[in-house]
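Architecture and fold: a report
Letter by letter, the chains look like this.
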Amino acid sequence: MEIKITGLERLQKIASQFPEVSEAHINSAILRSLVRIWEKEKQEAPVDTGNLRDRWKLDMKRFQGSLSSQMPYALAIENGSRPHFVAIEKIRPWAEKRGLNPWAIAKTIAKKGTRPNPFFKRTLEGAQEGVDIEFTKALSDIMKELSNIT
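Residue positions within a chain follow its written sequence, with the count starting from 1. The predicted nature of this model means local features are confined to residues of pLDDT at least 70 and side-chain atom pairs, given and counted, to a pLDDT of 80 or more, with totals for whole chains, interfaces and linings taken over all residues. For the side-chain quantities, the full set of heavy atoms in the structure was used; hydrogens and water were omitted.

1. What about the overall build of the chain?
Only DSSP runs of H or I reaching four residues or more are called helices, and only runs of E reaching two or more are called strands; each is numbered from the N terminus. Each helix and strand counted, the chain has seven helices and two strands in total. In the chain, the succession of helices and strands from N to C terminus is α-α-α-β-β-α-α-α-α. Each radius of gyration is computed over the set of C-alpha atoms, and the globule rule expresses the reference value as 2.2 Å times the number of residues to the power 0.38. Against the compact-globule benchmark of 15 Å for 150 residues, the chain has a radius of gyration of 21 Å, which places it well outside the compact range. Dimensions of the chain along its principal axes, counting C-alpha atoms only, are 70 × 25 × 25 Å. Contacts in the chain between residues at least 24 apart in sequence constitute 70% of all its contacts with a sequence separation of at least 6. Contacts between residues were defined by any pair of non-hydrogen atoms, one from each residue, lying within 4.5 Å.

2. Side note on helix H1 (residues 8-17)
Considered for burial, the residues of H1 that qualify are Leu11, Ile14 and Ala15. Seen end-on, H1 carries its buried residues on one side only, within an arc spanning 100 degrees. Opposite the packed face of H1, turned more than 90 degrees from it, sit the exposed residues Glu9, Lys13 and Ser16. Burial classes: relative accessible area under 20% of the type maximum marks a residue as buried, over 50% as exposed, and values in between as partly exposed (1.4 Å probe, protein chains only). To be clear, the arc concerns the directions from the helix axis to the C-beta atoms.

3. Details of a positive patch on the surface
Here a patch means residues that are over 30% exposed by relative accessible area and free of salt bridges, tied together within 9 Å if like-charged and within 5 Å if nonpolar (Val, Leu, Ile, Met, Phe, Trp, Tyr). Accessible surface is estimated by sampling points in the Shrake-Rupley manner with a 1.4 Å probe; for residues, cover comes only from the protein chains shown. Salt bridge criterion: a side-chain nitrogen from Lys or Arg within 4 Å of a carboxyl oxygen from Asp or Glu. Asp and Glu count as negative and Lys and Arg as positive, but His and the ends of the chain are not part of the count. Charge positions are represented by NZ for Lys, CZ for Arg, CG for Asp and CD for Glu. There is a patch of like positive charges on the surface, built from Lys107, Lys111, Lys112 and Arg115. The topology assignment puts lysine 112 in helix H6 (residues 102-112). Judged by its relative accessible area of 62%, lysine 112 is exposed.

4. Considering the environment of histidine 84
With respect to the element layout, histidine 84 can be found in the loop between helix H4 (74-79) and helix H5 (88-97). Counting along the chain gives 29 residues from histidine 84 to glycine 113, while the straight-line C-alpha distance between them is 6.3 Å. With residues up to four places along the chain from it excluded, the contact list for histidine 84 reads Ile109 and Ala110. Pairing of N or O atoms within 3.5 Å defines a polar contact, subject to two protein rules: one partner must be a possible hydrogen donor and the other a possible acceptor, and residues neighboring in sequence count only if both atoms are side-chain atoms. Within the local environment of histidine 84, its side chain forms a polar contact with the backbone oxygen of arginine 82, the two atoms lying 2.7 Å apart.

Dropping the structure here:
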């Protein structure tokens, strides 16, 4: 999934002309944006063990960053899943914690799959304004620094 950044073309043009000035500001905006997204994700992700909320990997590189879940089932929760076999031993703790019959849950998943819970889509929609603020600030800081140079 991606998030749209307003004014990105202008930032890219400035970054190509003055990479040493823009790199720190843009990388900082990327990092602050990813932290905002992660904070919003913690509000939107369903809670069970807390792993889906807490197990994320944040990677930063020059002019780019990424946030990825470390839980293999995150996509199945986000998008739902097609009907498939689930071992009763795997879902027993989850089902019993909720007072449900694990065999019935496994049979339902085998017949119907699971419904999507697009928590990350909601996360990105909710974080969009904050990301825009971060990149607007980066652009302003770059322009301010360039005006001091020229």
